[in-house]
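# Results of the structural survey
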Amino acid sequence: MKKLLCILPLAALLLLWSCDGNNGKNDPDQPGLITLQQGCYASGDTAYVLLFPEGQHGGQYISLAYYADSMMIAMQPQLLTGYNDTTGTAMFVADDAIVTLRNNGKDTIWIITTEETMTFVRKAEVDYAPKNLAGTWRMSFEINAYMSFKLWDAVIDNDLHCNVEFNIPDSATLAMWLEMSGALAELPEGSEEMIEGLPWSEMLAAIPSGLEGDIWYSAYAGMGVFVPELQNYTENYGLFFSTPTGSTIRITYGSMNFDMTRIK
């Protein structure tokens, strides 16, 4: 009898749970919610949708990236608005046009414009990307196998705000770098003192000492976008980057890779 009295409450709970239909999730008239999954969604090898973690920079942001002129071009991340977790749809602005996003909550996103519908499939999570980009990252110019010079340091905080400080050489130092690397001999005749008609000293003086900007990043995808804060910057594009190791941020141009290494 005691065993029966112990079993009866458990049986009653199980009965109530089954009648409730697992809070409606198994009820065909009340389908489960469709959630957005962060990461990189690809259309072949030439176009990506980057969906960043919810709450990064205060919302859910998306960026469209594609190959053009031998490099990956990324649009400035845009805020997704009006997300409906029943239909899996939301909207964002791209090139001053309203674009609809639809997803199945698993592995596929559809980008819908007035002209076409594009399908993107989610790539697998990478296991090599840094989980957090906060720290100091250095870009160096390799002179030879034994010598390199710092080009800039990028300090990224926990809110993904980035402060870049350039190490700008004078014209004599720049000439030494180019000569030691062998690049000086590859320049057109007459370029020893000028680049496209502009004296090196004037060109170097025109380079700002630094810049700031914000980063959007998905550790799931190992990819991100940097958008500079410049007074006259009105472009709809940012700088695409990848993270091939836990201590590297890589900017790729054609067959060349420019790596920033975490120094702290």
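Here the residue numbers are simple positions, counted from 1 along each chain's written sequence. Under the rules for a predicted model, residues below a pLDDT of 70 receive no local features and side-chain atom pairs below 80 are neither given nor counted, while totals for whole chains, interfaces and linings still include all residues. Values reported for side chains reflect all heavy atoms of the structure, with hydrogen atoms and water molecules removed beforehand.

Under the scheme used here, helices are H or I runs from DSSP no shorter than 4 residues and strands are E runs no shorter than 2 residues, and both carry numbers assigned from the N terminus. Within the element layout of this structure, Gln56 appears in the loop between strand E2 (47–51) and strand E3 (61–68). Non-local contacts of Gln56, meaning those with residues more than four positions away in its chain, are made with Tyr61, Leu160, Ile215, Trp216 and Tyr217. Here a residue-residue contact requires only that any non-hydrogen atoms of the pair lie within 4.5 Å.

Right, let's get into the side chain of Thr136. Assignment of secondary structure puts Thr136 in strand E11 (residues 135–142). Once you skip the residues sitting within four places of it in the chain, Thr136 turns out to touch Asp153, Ala154, Val155, Thr261, Arg262, Ile263 and Lys264.

Buried means the residue's accessible area, taken with a 1.4 Å probe over protein chains only, is under 20% of the maximum for its type, while exposed means over 50%, and partly exposed covers the values in between. With five of five residues buried, E2 is to be regarded as a mostly interior element. Burial of E2 is two-sided: the residues Ala47, Val49 and Leu51 facing one way and the residues Tyr48 and Leu50 facing the other way are all buried. Where strand E1 (residues 39–43) meets E2, five bridges bridge the pair, whose relative direction is antiparallel. For Cys40, the partnering residue across the bridge sits in E2 and is Leu50. A strand pair is defined by DSSP finding two or more bridges across the two strands. The antiparallel pairing of E1 with E2 creates a hairpin that spans three residues between the two strands, and Gly44 there sits at a positive phi of about 65°. The sheet contact formed by E2 and E3 spans five bridges and is antiparallel. Bridge pairing in E3 links Leu51 to Ile62.

For Asp95, which is not glycine, the phi dihedral falls at a positive 55°. Taking relative accessible area as the criterion, Asp95 reaches 48% and is therefore assigned partly exposed. Even without being glycine, Asp96 reaches a positive phi, approximately 65°. Mapping Asp96 onto the fold places it in the loop between strand E7 (89–94) and strand E8 (97–103). Given the relative accessible area of 75%, Asp96 is considered exposed.

Looking at the protein, pLDDT values average 80 and 72% of them are 70 or higher. When the criterion is pLDDT under 50, residues 1–30 qualifies, and its contacts beyond four places in sequence or with other chains add up to five contacts. For every residue, the predictor reports its confidence as pLDDT, a number between 0 and 100.

Within the secondary structure, Glu229 sits in the loop between strand E17 (223–228) and strand E18 (237–245). For Glu229, a relative accessible area of 44% corresponds to the partly exposed category. Separated by 18 residues in sequence, Glu229 and Leu211 have C-alpha atoms that sit 7.1 Å apart. The residues touching Glu229, leaving out its near neighbours within four places in the chain, are His161, Glu212, Gly213 and Asp214.

Each patch is built from residues that are more than 30% exposed by relative accessible area and take part in no salt bridge. Like charges join if they lie within 9 Å; nonpolar side chains (Val, Leu, Ile, Met, Phe, Trp, Tyr) join within 5 Å. Surface accessibility in these figures is a Shrake-Rupley result with a 1.4 Å probe; residues are shielded only by whichever protein chains are displayed. One side-chain nitrogen of Lys or Arg within 4 Å of one carboxyl oxygen of Asp or Glu is enough to make a salt bridge. Together, Met91, Val93 and Ile98 make up a nonpolar patch on the protein surface, roughly 260 Å² of accessible area in all. Among the secondary structure elements, Val93 is positioned in strand E7.

One can find Ser209 in the loop between helix H3 (200–206) and strand E16 (210–218). Between the C-alpha atom of Ser209 and that of Asn167, which follows or precedes it by 42 residues, the distance is 7.5 Å. With residues near it in sequence (within four places) discarded, Ser209 still touches Val164, Glu165, Phe166 and Ile168.

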